[in-house]
Amino acid sequence: MNSRAFAVGVGVNLGDRTAQFDLAMRLLERTPGVEVMGAASPVRPRPVVPEGEEDRHPWYLNSVVVGVTTLSPRVLMARLLAIETAVGRRRRGRCDPRTLDLDLVVLEGVVIDEVGIQVPHPRLRGRDFVLDPLRRVLDRLERESQGHHAASLSRGIRTSLPAGILDDVSLS
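Residues numbered from 1 in each chain as written. Predicted model: local features only at pLDDT ≥ 70, side-chain atom pairs only at ≥ 80, totals over all residues. Heavy atoms only, no water.

Draft legend 1. Inspection of the overall build of the chain at higher detail. When helices and strands are tallied, the chain shows 4 helices and 6 strands. Taken from N to C terminus, the helices and strands of the chain fall in the order β-α-β-β-α-β-β-β-α-α. Counting all 172 residues of the chain, 47% fall into the buried class. Residue pairs at least 24 apart in sequence account for 75% of intrachain contacts in the chain once pairs closer than 6 positions are excluded. (Helix = DSSP H or I, 4+ residues; strand = E, 2+ residues; numbered from the N terminus. Buried < 20%, exposed > 50% of the residue type's maximum accessible area, 1.4 Å probe, protein only. Contact = heavy atoms within 4.5 Å.)

Draft legend 2. Focus on unusual backbone geometry. In this structure, the amide linkage connecting Val119 to the following residue, Pro120, adopts the cis form with an omega of -10°. Summarising the element assignment, Pro120 is placed in the loop between strand S6 (117-119) and helix H3 (128-144).

Draft legend 3. Focus on the nonpolar core. In terms of nonpolar packing, the biggest core is built from 26 residues, with Phe6, Val10, Leu76, Ile83, Leu100, Leu102 and Leu104 touching the most fellow members. For this core, the secondary structure elements donating two or more residues are strand S1 (4-12), helix H1 (17-29), strand S3 (61-69), helix H2 (73-86), strand S4 (101-107) and S6. Here the element with the most residues in this core is H1; it accounts for 5 residues. In this structure, Phe6 is in contact with Val34, Glu35, Val65, Val66, Gly67, Val68, Thr69, Leu76, Leu104, Val106, Leu107 and Ile157, ignoring residues within four places of it in sequence. Counting residues in each nonpolar core, the second largest holds 23 residues, with Ala40, Val106, Leu161 and Val169 among its members. (Core = buried A, V, L, I, M, F, W, Y, C linked by side-chain atoms within 4.5 Å.)

Draft legend 4. Geometry of the environment of Arg74. Structurally, the position occupied by Arg74 is in helix H2. Linking Arg74 and Ile112, residues 38 residues apart in sequence, is a C-alpha distance of 10.0 Å. Setting aside its immediate chain neighbours within four residues, Arg74 contacts Glu114, Val115 and Ile117. A polar contact is formed between the side chain of Arg74 and the side chain of Glu114, at a distance of 2.3 Å. (Polar contact = N/O pair within 3.5 Å; in protein donor to acceptor, adjacent residues only side chain to side chain.)

Draft legend 5. Spotlight on the pattern of salt bridges. Enumeration over the complete set of coordinates arrives at 7 salt bridges. Residue Glu114 is joined to Arg74 by a salt bridge in which the shortest nitrogen-to-oxygen separation is 2.3 Å. With Glu114 in strand S5 (residues 112-114) and Arg74 in helix H2, this pair connects stretches of sequence that are 40 residues apart. On the basis of relative accessibility, which here comes to 45%, the residue Glu114 falls in the partly exposed class. The exposure class of Arg74 is partly exposed, given its relative accessible area of 44%. The salt bridge partner of Asp139 is Arg158, with a shortest N-O separation of 2.6 Å. (Salt bridge = Lys/Arg side-chain N within 4 Å of Asp/Glu carboxyl O.)

Draft legend 6. Highlighting the side chain of Thr31. Mapping Thr31 onto the fold places it in the loop between H1 and strand S2 (34-39). For Thr31, the side chain forms a polar contact with the side chain of Arg79, separated by 2.7 Å. When sequence neighbours within four positions are dropped, the list of residues in contact with Thr31 reads Leu71, Arg79 and Ile83.

Draft legend 7. Molecular detail of H2. Between its first and last C-alpha atoms H2 spans 20 Å; for 14 residues at 1.5 Å apiece the expected length is 20 Å, and the two agree. Looking at H2, one finds that the buried residues are Pro73, Leu76, Met77, Leu80, Ile83 and Glu84. Taken end-on, H2 shows its buried residues confined to a sector of 120°, consistent with a single buried face. Among the residues trailing H2, Gly88 stands out with phi positive, at a value near 105°. (Expected span 1.5 Å × (residues − 1). Arc of directions from axis to C-beta.)

Below you can see the structure in the form of structure tokens.
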């Protein structure tokens, strides 16, 4: 089966953020059909929440993980949801604080807009806390890459994102 490049956004704002992030990465790395090739250094942005909800939300630890997978989009999404549950996430509402949030940001060559799965992620624009780490991990893979595999992964992700979305992105 052909592999496709993917990017997964990771967010944690409850509990031991670093331990939960590390556990989520280990569980993703152990997933058959998934090869994690890199993760961005975590950033700690202000939460993006509805007006008036700011006080309820601790700051996030955010990152992006990239890799390749032979899993179908729905199977990969189901695995991400299972990892969230394993790390203690309980879904109560869309903007509730969470022990772990894994978002399928992009899957090479895939566009889906159905109940339960939207790829590329529909709320990427203006979310520098996802786009900045994504750009950084792709840039690093391209710089440090000695082989075709990392360059191919980066190209697959970049060409599957909405045009220009990584231009002028910065958390600074």
